[in-house]
Amino acid sequence: MKKHVVLYKELSEPLMQRLEAQTHVTLIKRLDAQGLEQLRAALPHAHGLLGASLKLDARLLDLAPKLEAVASVSVGVDNYDIDYLSKRKIQLTNTPGVLTETTADTGFALIMATARRVVELAIKVRNGQWQKNIGPEWFGTDVHGKTLGIIGMGRIGEALAQRGHFGFGMPVIYHSNSPKPAVEARFNAQYRSLNDLLQEADFICLTLPLTAQTEGLIGAQAFALMRPESIFINIARGKVVDEAAMIQALQQGQIRAAGLDVFEREPLDANSPLLHMDNVVATPHIGSATVETREAMARCAVDNLLAALAGERPANPVN
Ligand SMILES: NC(=O)C1=CN([C@@H]2O[C@H](COP(=O)(O)OP(=O)(O)OC[C@H]3O[C@@H](n4cnc5c(N)ncnc54)[C@H](O)[C@@H]3O)[C@@H](O)[C@H]2O)C=CC1
Ligand SMILES: O=C(O)C(=O)CO
């Protein structure tokens, strides 16, 4: 008998065909109010779930007594109650690795955009404000040769270090759970305490997961340690940062600029002060959002789900 899978993310035709060949699929196209209703109605029959961007807590999981596996189309797993999934012996999987390079590209795009004021100045050109040779008031700051600070030296942190070290001649300093000698050797990187990194780095980049330990890690005290010429980049998760403290740091000139792909609440509120600051580049959580990478992530999630439902060990177990 085929098992029942609930998808809350659309898949490409080839992946859909693969999944449908082996399982009964219920597709929920959008997680709006109606989609959530459909999800609740489908959960009692579900053996497998596949999707992203849904807070999957005990309340929802309790609607799914037959659930065996959840395949997240993401590397971050902060949306899942992992302890409860484990207690219920439900296999959670994620998609590490396949999105690493693309997400590091996004990080570097934010570094370049903030340092060279790409978005702010492109808007001025579009608005007809470029009417004479530009002066220092439109100058940016160099990226090459500046100190790159990475908080969370994992897969994406390393890919960022690679770009900074080999591509831009940047000295790399990092803070992580523990020192990483192989990374230090490869990128001539140096370990720092969190506070030392915040004081020393020209670019402070977050590439660590959202966990109970990292929630709110970068707050008012952390921004107070940064320098007025520092640029803050967040491609990790919004809740690692105290957003109100970050807004205050930007308003008071405690830091030069911020490049933000993730926010405390997503989508970002249209009234957020961040949207009225020339020195903020805000993107809509596009870290892994390329055609190629999103397909690779979906393929990885389908592989994981089918393996788990077949009683095999999936390639990317989380619990
Ligand atoms: N903006 C976006 O679209 C994307 C965001 N992400 C986020 O990036 C995160 C990192 O992804 P990967 O590099 O693949 O994960 P990873 O597990 O390879 O790296 C995370 C690193 O952070 C370190 N870390 C964990 N807790 C820490 C703490 N309390 N203090 C210091 N370091 C700590 C770990 O030791 C590890 O080295 C994901 O969990 C996800 O939240 C990932 C992909 C796309
Ligand atoms: O994979 C993740 O964790 C993301 O944030 C989206 O790619």
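Every chain's residues receive numbers from 1 upward, in the order its sequence appears when written. Just so you know, chain letters begin at A and ligand numbers begin at 1, following the order they were written in. In view of the model being predicted, local features appear only for residues whose pLDDT reaches at least 70, and side-chain atom pairs are presented and counted only at 80 or more, with totals across whole chains, interfaces and linings using the full set of residues. Side-chain descriptors were evaluated using all non-hydrogen atoms of the structure, hydrogens and water having been removed beforehand.

Let us look at the site of ligand 1. Within the structure, ligand 1 sits among 24 residues, and Arg155, Ile156, Ile235, Asp261 and His285 are positioned closest to it. Whenever a nitrogen or oxygen atom comes within 3.5 Å of another N or O atom, the pair is scored as a polar contact, on the condition that within protein one atom can donate a hydrogen and the other can accept it, and that pairs from neighbouring residues in sequence are kept only if both atoms are in side chains. Lys180 is positioned with one of its side-chain polar atoms (N or O) 3.0 Å from an oxygen atom of ligand 1. Contacts to ligand 1 include His285, whose side-chain N or O atom sits 3.2 Å from an oxygen atom. Per-residue and other accessible areas follow the Shrake-Rupley method at a 1.4 Å probe size, with only the shown protein chains counted as cover for residues. Relative to its unbound accessible area of 860 Å², ligand 1 is 86% covered by the protein chains. Any residue with at least one heavy atom within 4 Å of a molecule or strand is counted as near it.

Bringing the domain arrangement of the protein chain into the picture now. Examined at the domain level, the protein chain breaks down into domain 1 (3-97 + 291-309) and domain 2 (100-282). Here the limits of each domain have been adopted from an automatic or database domain assignment. Of note, the centres of domain 1 and domain 2, computed from C-alpha atoms alone, are 32 Å apart. Contact with domain 1, which involves six residues of that partner, is made by five residues of domain 2. In total, domain 1 and domain 2 occlude about 510 Å² of area from one another, counting both sides; carbon and sulfur atoms represent 44% of this. Accessible area that two parts lose when put together, evaluated with a 1.4 Å probe and summed over both, is termed the buried area. The largest contributions to the domain 1 side of the interface with domain 2 come from Asp78, Gly97 and Thr293, which together make up 71% of the buried area. Here, a salt bridge means any Lys or Arg side-chain nitrogen found within 4 Å of an Asp or Glu carboxyl oxygen. Across the domain 1-domain 2 interface, the total number found is one salt bridge. Linking domain 1 to domain 2 there are three residue pairs in polar contact (both at pLDDT 80 or more). Classifying every residue of the side of domain 1 that touches domain 2 gives two nonpolar, three polar and one charged. Contacts: residue pairs with any heavy atoms within 4.5 Å of one another. Charged means Asp, Glu, Lys or Arg here, nonpolar means Ala, Val, Leu, Ile, Met, Phe, Trp, Tyr, Cys or Pro, and polar covers whatever is left, Gly included.

So, about the pattern of salt bridges. In the structure shown here, the tally under the stated rule is 14 salt bridges. Across the pair Glu158 and Arg186 runs a salt bridge whose closest N-O atoms are separated by 3.4 Å. Taken together, the residues Glu158 in helix α7 (residues 155-168) and Arg186 in helix α8 (residues 181-187) connect sequence positions 28 residues apart. In DSSP terms, a helix is any run of H or I states spanning at least four residues, a strand is any run of E spanning at least two, and both are numbered starting from the N terminus.

Nonpolar side chains tend to gather and get buried jointly when the protein is soluble and globular. Among the nonpolar cores identified, the biggest contains 47 residues, and Leu11, Leu50 and Phe203 are the most heavily contacted of them. Element by element, the count of residues in this core is highest for helix α12 (residues 291-309), at eight residues. With near-sequence residues (within four places) excluded, Phe203 lies in contact with Ile111, Ala115, Asp142, Val143, Lys146, Thr147, Leu148, Gly149, Met170 and Ile231. Throughout, nonpolar core names a set of buried Ala, Val, Leu, Ile, Met, Phe, Trp, Tyr and Cys residues whose side chains join them through atoms within 4.5 Å. Buried residues are those whose accessible area, probed at 1.4 Å on protein chains only, stays under 20% of the maximum for their type, while exposed residues exceed 50% and partly exposed ones sit between those limits.

An order of β2-β1-β3-β4-β5 is seen for the five strands of this open sheet, with the pairing classed as parallel. Where the open sheet ends on each side, the last strands, each with one partner, are β2 (23-27) and β5 (91-93). Ignoring which end each strand starts from, the neighbouring axes of this sheet average 15 degrees apart. At least two DSSP bridges between two strands are required for those strands to pair. Fitting a line to C-alpha atoms yields each axis, with helices limited to the stretch in contact; the angle taken between N-to-C directions then spans 0 to 180 degrees.

The subject of this paragraph is helix α5 (residues 100-115). One less than the number of residues in a helix, times 1.5 Å, gives the span that helix is expected to have. Along its 16 residues, α5 runs 23 Å from first to last C-alpha, staying within 8% of the 22 Å computed at 1.5 Å per residue. With 12 of 16 residues buried, α5 lies mostly within the body of the structure. Taken residue by residue, α5 has Thr100, Thr102, Thr103, Ala104, Thr106, Gly107, Phe108, Leu110, Ile111, Ala113, Thr114 and Ala115 as its buried positions. Where α5 ends, the next residue or the one after it, Arg117, has phi of about 55 degrees, a positive value.

Moving on, we get to the site of ligand 2. With respect to spatial proximity, the complete set of residues near ligand 2 consists of Ser74, Val75, Gly76, Leu99, Arg237, His285, Ser288 and Met297. Measuring from an oxygen atom of ligand 2, one finds a backbone N or O atom of Gly76 at 2.8 Å. Taking Ser288, its side chain carries an N or O atom lying 2.5 Å from an oxygen atom of ligand 2. Its residues assigned to classes, the shell around ligand 2 shows three nonpolar, four polar and one charged.

Attention now moves to the pairing of strand β3 (residues 48-51). Side-chain alternation along β3 places Gly48 and Leu50 on one buried face and Leu49 and Gly51 on a second face that is also buried. In this sheet, β3 lies alongside strand β1 (residues 3-7) in parallel orientation, the contact comprising three bridges. Within β3, the position partnered with Val5 by the bridge is Gly48. With four bridges connecting them, β3 and strand β4 (residues 69-72) associate as parallel partners. In the sheet register, Gly51 faces β4, and the bridge partner there is Ser72.

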